[in-house]
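Chain and residue survey
Listed here are the chains, written in short residue letters.
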Amino acid sequence: MPRTTLQNLTLEELWELFPISLSPHNPLWPRWAEEEISLLALILAPVSPVMHHIGSTAIPTIQAKPIVDILVEVANGVEWSSVVSPMETAGYICMARSPLRIRFNKGYTPAGYAEKVFHIHFHRTGDTPEILFRDYLLTHPEAARHYEQLKLSLLPKYKNDRDAYTAAKAPFVARILALASKSR
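Residues numbered from 1 in each chain as written. Predicted model: local features only at pLDDT ≥ 70, side-chain atom pairs only at ≥ 80, totals over all residues. Heavy atoms only, no water.

Some points on the overall build of the protein
Each helix and strand in the protein was counted, giving six helices and five strands. Element order for the protein, N to C, with α for helix and β for strand: α-α-β-β-α-β-β-β-α-α-α. Per-residue burial for the protein yields a buried fraction of 39% across its 184 residues. Within the protein, residue pairs in contact and separated by at least 24 positions form 62% of the contacts whose partners lie at least 6 positions apart. Accessible area for the protein stands at about 9900 Å²; split by element, carbon and sulfur atoms hold 58% of it. (Helix = DSSP H or I, 4+ residues; strand = E, 2+ residues; numbered from the N terminus. Buried < 20%, exposed > 50% of the residue type's maximum accessible area, 1.4 Å probe, protein only. Contact = heavy atoms within 4.5 Å. Areas by Shrake-Rupley, 256 points an atom, 1.4 Å probe, with all protein chains shown as cover.)

Dropping the structure here:
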């Protein structure tokens, strides 16, 4: 009997169904981010979030996973429960939750990726290293090219292991964040 929900799949099965791929910049990604941010603004109006398009899809000079990342900043006093229910009701899947952060996905189907895929990252106000990283790459094209080269070099080995792919990029990301912090 075929499995019909993603919750029934093992991590390995999920990685096979949703391999990492890199695509040239799609000029629709910024528009999709704006549209999703508008939708999220309605869903999350009671918590007055501040939202940002982050990740490689926000950097037009490099290849990216065709997944639009959005950072949602919420105030420290906001209870996570006040965002989880509206997000899940709107069709987002809660993928990770900690006292300081929550992450939701949208666009993952039992048949694979939908046309539009989103990762929505909830952080506390001011907890925004992703913005610092994005802005540094936007203003330092050589660093952006090195990041793209790193991602391309990791892809063959980690195509079906998102955690290892992310971990392998971590030293580069930490180096860029250190440089970006110094140049503030």
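Now that the structure is up, let's keep going.
Here we look at the layout of surface pockets
Taken as a whole, the largest pocket spans an internal volume of roughly 1300 Å³. For the lining of the largest pocket, the leading source of residues is helix α6 (residues 162–182), giving eight residues. Residues that form the lining of the largest pocket fall into these classes: 22 nonpolar, ten polar and eleven charged. (1 Å grid on protein atoms, 1.4 Å probe; cavity = no way out; pocket = protein on both sides within 12 Å on 5 of 7 lines; lining within 4 Å. Points joined across faces, edges and corners; volume = space filled by probe spheres on them. Nonpolar A, V, L, I, M, F, W, Y, C, P; charged D, E, K, R; others polar.)

Some points on the packing of aromatic side chains
Using the criterion set out here, one finds seven aromatic pairs in the structure. Seen in terms of ring centroids, F104 and F122 are 5.5 Å apart; in terms of plane orientation they differ by 70°. Their pairing is edge-to-face. Of the two residues, F104 sits in strand β4 (residues 101–109) while F122 sits in strand β5 (residues 112–124), which places them 18 residues apart along the sequence. Note on F104: relative accessible area 0%, which makes it buried. The interplanar angle of 15° and the centroid separation of 5.4 Å between the aromatic rings of Y147 and F172 together place this pair among those described as stacked. Placement of Y147 in helix α5 (residues 141–158) and of F172 in helix α6 is noted, with a sequence separation of 25 residues between them. Looking at Y147, the relative accessible area reads 5%, which means it is buried. (Phe/Tyr/Trp six-rings, centres within 6.5 Å; stacked < 30°, edge-to-face > 60°.)

Brief notes about the pattern of salt bridges
Enumeration over the complete set of coordinates arrives at five salt bridges. Across the pair E36 and K106 runs a salt bridge, and its minimum N-O distance is 2.9 Å. Note that E36 is positioned in helix α2 (residues 29–43) and K106 in strand β4, a separation of 70 residues in sequence. Here E36 falls in the buried class, since its relative accessible area comes to 6%. With a closest N to O distance of 2.7 Å, D127 and R101 form a salt bridge. Here D127, found in the loop between β5 and α4 (129–139), pairs with R101, found in strand β4; they are 26 residues apart in sequence, far enough to count as distant. In this structure R101 comes out as partly exposed when scored by relative accessible area, which is 33%. Each of R31, E35 and K116 takes part in a single network of salt bridges with overlapping partners. (Salt bridge = Lys/Arg side-chain N within 4 Å of Asp/Glu carboxyl O.)

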